[in-house]
Amino acid sequence: MSAKIRKPTFADRIIDFNHHLNFDGDLPHGIRIMNPYQESETAVQVSDQFYRKYYNDHGKRHLILGINPGRFGSGVTGISFTDPKRLMEYCGIPFNGKLTHEPSSEFIYEMITAYGGPELFYDKFYISSVCPLGFTIAGDSGKEKNYNYYDNKELLAAAYPFIVKEMEKQIKLGFETDIVYCFGQGKNEQFLRKLNAEKKFFRRIIALPHPRYIMQYKSKMKSTFVDEYLKAFNEIA
């Protein structure tokens with residue numbers, strides 16, 4: 001009698017997706033791809049721990065899409081909108097490296113706490129990005145800074161096939177497609193709506209103000225935006 005084959009969990013599928021992320025297109029001069037799963041053993045280790053902690057099951061989730069990873073959050077941890085400080089404080093996962101701070105991560109975990117905590121939130125949702133790998137560009141001082149996939153027409157053209165291919169792969173991980181959430185009500189929403197009109201990935205898109213915008217321009221109204229997020233996420237209840 002043959003041994004029963006174990007069905008891959010959601011965590012198994014996410015981790016496999018992350019480990020195989022690879023951008024092989026030609027980028028415009030001065031723009032660099034940022035792939036923590038190839039650049040940082042620490043990011044690989046802590047992200048694997050995170051997904052095995054919160055996604056080691058066979059349930060389905062709703063997808064939340066940011067823009068693309070940033071240097072101080074998922075560029076360091078490999079986990080969307082999760083910087084090392086939030087990883088340790090809220091998720092209880094040790095991080096042996098530079099304790100970077102990302103304002104977007106601060107807002108997200110305040111919202112997750114209001115939702116009921118990481119266990120409840122991640123049981124229903126998975127946060128990723130329209131472009132699952134990030135980009136950097138050298139600033140005037142020569143120091144790298146974050147760059148968005150839509151900030152440059154040449155970059156968008158170079159990233160477009162990668163975005164479409166990886167979106168198709170992510171959906172196949174087991175996400176519900178009746179509703180997708182979009183962080184950003186400007187260019188990220190515009191691009192996602194145009195892409196979705198062409199590819200029919202999702203039935204409905206709910207766009208929310210980007211956490212970075214909230215923290216940079218509306219921080220005194222954080223509680224109002226937390227309420228807006230919770231109301232939107234209750235659409236799937």
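See the structure printed just above.
Analysis parameters
- Residues numbered from 1 in each chain as written.
- Predicted model: local features only at pLDDT ≥ 70, side-chain atom pairs only at ≥ 80, totals over all residues.
- Heavy atoms only, no water.
- Axes fitted to C-alpha atoms, helices over the stretch in contact; angles between N-to-C directions.
- Helix = DSSP H or I, 4+ residues; strand = E, 2+ residues; numbered from the N terminus.
- Parallel < 35°, antiparallel > 145°, perpendicular 65-115°, else oblique.
- Left-handed = near helix turned anticlockwise from the far one by under 90°.
- Contact = heavy atoms within 4.5 Å.
- Nonpolar A, V, L, I, M, F, W, Y, C, P; charged D, E, K, R; others polar.
- Expected span 1.5 Å × (residues − 1).
- Buried < 20%, exposed > 50% of the residue type's maximum accessible area, 1.4 Å probe, protein only.
- Arc of directions from axis to C-beta.
- Salt bridge = Lys/Arg side-chain N within 4 Å of Asp/Glu carboxyl O.
- Pairing = 2+ DSSP bridges.

> Describe in detail the packing of helix H1 (residues 10-19) against helix H3 (residues 41-54), supporting the description with residues and values.
Interaxial distance between H1 and H3 falls to 9 Å at its minimum, and their mutual angle equals 155 degrees. It follows from the interaxial angle that H1 and H3 lie roughly antiparallel. With respect to the hand of their crossing, H1 and H3 are arranged in right-handed fashion. Every residue of H3 that contacts H1 at Ala11, Asp12, Ile14, Ile15, Asn18 and His19 is listed here: Val44, Asp48, Tyr51 and Arg52. Considered class by class, the residues forming the contact of H1 with H3 number 5 nonpolar, 2 polar and 3 charged.

> Tell me about helix H6 (residues 103-115), and please be specific about residues and values.
Taking 1.5 Å as the rise per residue, H6 with 13 residues should run 18 Å; its terminal C-alpha atoms sit 19 Å apart, in good agreement. Among the residues making up H6, those that are buried are Ser104, Ser105, Phe107, Ile108, Tyr109, Met111 and Ile112. Where H6 ends, the next residue or the one after it, Gly116, has phi of about 135 degrees, a positive value.

> So what's going on with helix H9 (residues 187-199)? Residues and values would help.
Between its terminal C-alpha atoms H9 stretches 18 Å, which fits the 18 Å expected from 13 residues at 1.5 Å a residue. Buried within H9 are the following residues: Asn188, Glu189, Phe191, Leu192, Leu195 and Asn196. One face of H9 carries all of its buried residues, which in axial projection span an arc of 165 degrees. Relative to its buried face, H9 has exposed residues pointing more than 90 degrees away, namely Lys187, Gln190 and Lys194. Once H9 ends, the next one or two residues include Lys200, with phi positive near 60 degrees.

> Can you lay out the pattern of salt bridges for me, pointing to particular residues and giving the numbers?
In this structure the tally under the stated criterion is 13 salt bridges. Across the pair Asp12 and Arg52 runs a salt bridge, and its minimum N-O distance is 2.9 Å. Of the two residues, Asp12 is situated in helix H1 and Arg52 in helix H3; the sequence distance between them amounts to 40 residues. A relative accessible area of 16% places Asp12 in the buried class. Given the relative accessible area of 41%, Arg52 is considered partly exposed. Between Arg61 and Asp57 there is a salt bridge, and its shortest N-O distance comes to 2.5 Å. Note on Asp57: relative accessible area 23%, which makes it partly exposed. Residues participating in the shared-partner salt-bridge network are Arg6, Asp12 and Arg52.

> Describe the sheet that holds strand E6 (residues 175-183), and please don't skip the residues or the numbers.
The strand order across the open sheet built from 4 strands is E3-E2-E6-E7, with neighbouring strands paired in parallel fashion. Edge positions in the open sheet fall to strand E3 (125-129) and strand E7 (204-208), since each of these has one partner strand only. For this sheet the average axis-to-axis angle between neighbouring strands, irrespective of direction, equals 25 degrees. As paired strands, E6 and E7 are joined by 5 bridges and run parallel to one another. By the bridge assignment, Tyr181 is partnered in E7 with Ile206.

> Break down unusual backbone geometry for me, citing the residues and quoting the values.
Positive phi is not limited to glycine here, since Phe81 has a value of about 55 degrees. Along the polypeptide, Phe81 turns up in the loop between helix H4 (74-77) and helix H5 (84-91). Even without glycine at this site, Lys200 takes up a positive phi of about 60 degrees. Note on placement: Lys200 falls in the loop between H9 and E7.

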